[in-house]
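So you can see what is in the structure, the chains are spelled out below.
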Amino acid sequence: MSLISNIPSPCYVLYEEKLRRNLELIKSVKDRAGVEIIMAFKAFSLWKAFPIVKEYIQFSTASSLNEALLTVEEMGSKAHTFAPVYTDAEFDYIAACSSHITFNSIAQYEKYRTRTRGVSCGLRVNPEFSVVETDLYNPCVAGSRLGVKRETLGAELPEGIEGLHVHCLCESSAADTAALIKRVEELYGCYFDKIKWINFGGGHLMTRKGYDVELLVNSLIEFRQRHPNLQVILEPGSAFAWQTGTLVATVQDIVENDGIKTAMLDVSFACHMPDCLEMPYKPAIEGATDPVEGKPTYRMGGNSCLSGDYVGSWSFDEPLKVGDRVVFEDMAHYTTVKTTMFNGVTHPSMVLVYSNGQMDLLRKFTYQDYKKRMS
């Protein structure tokens, strides 16, 4: 019996061997370039896998009080925190959980600066540079609410600011990182002798096949040689979990209208793979290809009542039938962190497959989870 047939459906599956492969590469970049690389919880926060992560990377970035608390509790370290806005009710707790706090505006920094004792404070800047084509994911889109533009800053940074934070990339290349570094130096280099650290944010997809790791390492080394007083920080998210997991689903029905066959699944794109609709993008399916004339071809349909809960189409070697497993590839990053319980549809379980082939059912969701969510 195959491994997939032993996994409950629906289910997210994380593979230890693949996760370690990514972690080894990330640690190699960190060590060779002499920079700090921390993990962004916004992309991957499956904390039961953190004991594996901590063997390679010890620090993380948080975007909220909950993520900061998770950093302290499950990573055993304080967070590098950035949130677009902080609130009075949460800020002191965030500060207690953070080694670094980045502020999105000068006004927010001035409001909370006296409550940051022992924390290194930074300012997020907007270099008006981005290669991100989808506006939803572009922090430098016209009118962006994220980061302070150079024209807003004076000759000096606000007193007490020790770092600058830039986040402009999304699943980007090493060449994009090199271009970003150049842009930031041009705009903000005048402040570099007054600060202690610079954070080049996330979006550095160094674990993707074909990524120019050597260019990334050399770009970082050269930057550090030009600015030896600065600690350089990167906070990728997707790179950690890239191609490390799948989402296992089962065909429950096949419907046909207007010549289109749709395989109705026990998972939802809207609830369990939201980036497929937001980006949008078409995920890969094991054993399937883009449509091929003459082959059995199906659209994949989700099980929520949202009319647009579908993506497609794929061709298979053999016709699909009820009960067949459909395995969506690369479903570890920006999936479990963004799922919803819309419609109360069954939430996928979570399984960790160890390198020795053994499986650990990390979580199985029940009605009580849904009921608590709605209380």
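In this report, the structure presented in the accompanying data block is examined. (Residues numbered from 1 in each chain as written. Predicted model: local features only at pLDDT ≥ 70, side-chain atom pairs only at ≥ 80, totals over all residues. Heavy atoms only, no water.)

## Digging into the overall build of the protein chain
- When helices and strands are tallied, the protein chain shows 11 helices and 19 strands.
- By its C-alpha atoms, the protein chain is 65 × 45 × 45 Å across when sized along the principal axes.
- Each of the 375 residues in the protein chain was classed as buried or not, and the buried ones make up 52%.
- Taking all contacts inside the protein chain whose residues are at least 6 apart in sequence as the whole, residues at least 24 apart take part in 68%.
- Working note: accessible area of the protein chain is about 17,200 Å², and carbon and sulfur atoms make up 49% of it.
- Once the 38 positive and 46 negative side-chain charges of the protein chain are each reduced to a mean point, those two points are 4 Å apart. (Helix = DSSP H or I, 4+ residues; strand = E, 2+ residues; numbered from the N terminus. Buried < 20%, exposed > 50% of the residue type's maximum accessible area, 1.4 Å probe, protein only. Contact = heavy atoms within 4.5 Å. Areas by Shrake-Rupley, 256 points an atom, 1.4 Å probe, with all protein chains shown as cover. Lys, Arg positive; Asp, Glu negative; His and termini not counted. Charge placed at Lys NZ, Arg CZ, Asp CG, Glu CD.)

## Topic: the packing of aromatic side chains
- Counted according to the given criterion, the structure contains 11 aromatic pairs.
- Seen from their ring centres, Y86 and F103 are 5.5 Å apart, and the 70° between their planes marks the pair as edge-to-face. Taken as a pair, Y86 in the loop between β5 (79-82) and α4 (88-96) and F103 in strand β6 (residues 98-103) lie far apart in primary sequence, 17 residues in all.
- A relative accessible area of 3% means that Y86 is categorised as buried.
- By relative accessible area, F103 is classed as buried at 0%.
- Three or more aromatic residues joined by ring pairs make a cluster, and in this case those are Y86, F91, F103, Y109 and Y112.
- Residue placement shows K18 over the ring face of Y15; its charged tip is 4.8 Å from the ring centre. (Phe/Tyr/Trp six-rings, centres within 6.5 Å; stacked < 30°, edge-to-face > 60°. Lys NZ or Arg CZ within 6 Å of the ring centre and 35° of its normal.)

## A look at a nonpolar patch on the surface
- Residues L277, L306 and F342 make up a contiguous nonpolar surface patch of about 230 Å² in total accessible area.
- Judged by relative accessible area, L306 falls into the partly exposed class, the value being 40%. (Patch = residues over 30% accessible without salt bridge, like charges linked within 9 Å, V, L, I, M, F, W, Y side chains within 5 Å. Salt bridge = Lys/Arg side-chain N within 4 Å of Asp/Glu carboxyl O.)

## Section: the pattern of salt bridges
- Counted by the stated rule, this structure contains 20 salt bridges.
- The shortest N-O distance in the salt bridge between K194 and D193 comes to 3.6 Å.
- For K194, a relative accessible area of 47% gives the class partly exposed.
- Under the relative-accessibility criterion, D193 is labelled exposed at 57%.

## Regarding the layout of surface pockets
- Roughly 960 Å³ of volume is contained in the largest pocket.
- Together, 37 residues line the largest pocket, and K42, L136, Y137, H167 and Y334 are the ones closest to its centre.
- Broken down by secondary-structure element, the contributors of at least two residues to the lining of the largest pocket are α8 (238-241) and α10 (275-278).
- Along the lines of polarity and charge, the residues of the lining of the largest pocket split into 17 nonpolar, 10 polar and 10 charged.
- Of the pockets and cavities examined, the second largest pocket occupies roughly 510 Å³. (1 Å grid on protein atoms, 1.4 Å probe; cavity = no way out; pocket = protein on both sides within 12 Å on 5 of 7 lines; lining within 4 Å. Points joined across faces, edges and corners; volume = space filled by probe spheres on them. Nonpolar A, V, L, I, M, F, W, Y, C, P; charged D, E, K, R; others polar.)

## Let's talk about the pairing of strand β13 (residues 260-265)
- In this structure, strand β12 (residues 245-257) lies alongside β13, joined through 6 bridges in antiparallel fashion. Directly across from N257, in β13, lies its bridge partner I260.
- Remark: 2 residues form the turn of the hairpin made by β12 and β13, two consecutive strands paired antiparallel; D258 in that turn has positive phi of roughly 55°.
- Judged from the 3 bridges that link them, β13 and strand β15 (residues 297-301) form a sheet pairing that is parallel. When the bridges of β15 are listed, A263 appears paired with M300. (Pairing = 2+ DSSP bridges.)

Such coordinate-based values are descriptive only and should not be taken to indicate function.
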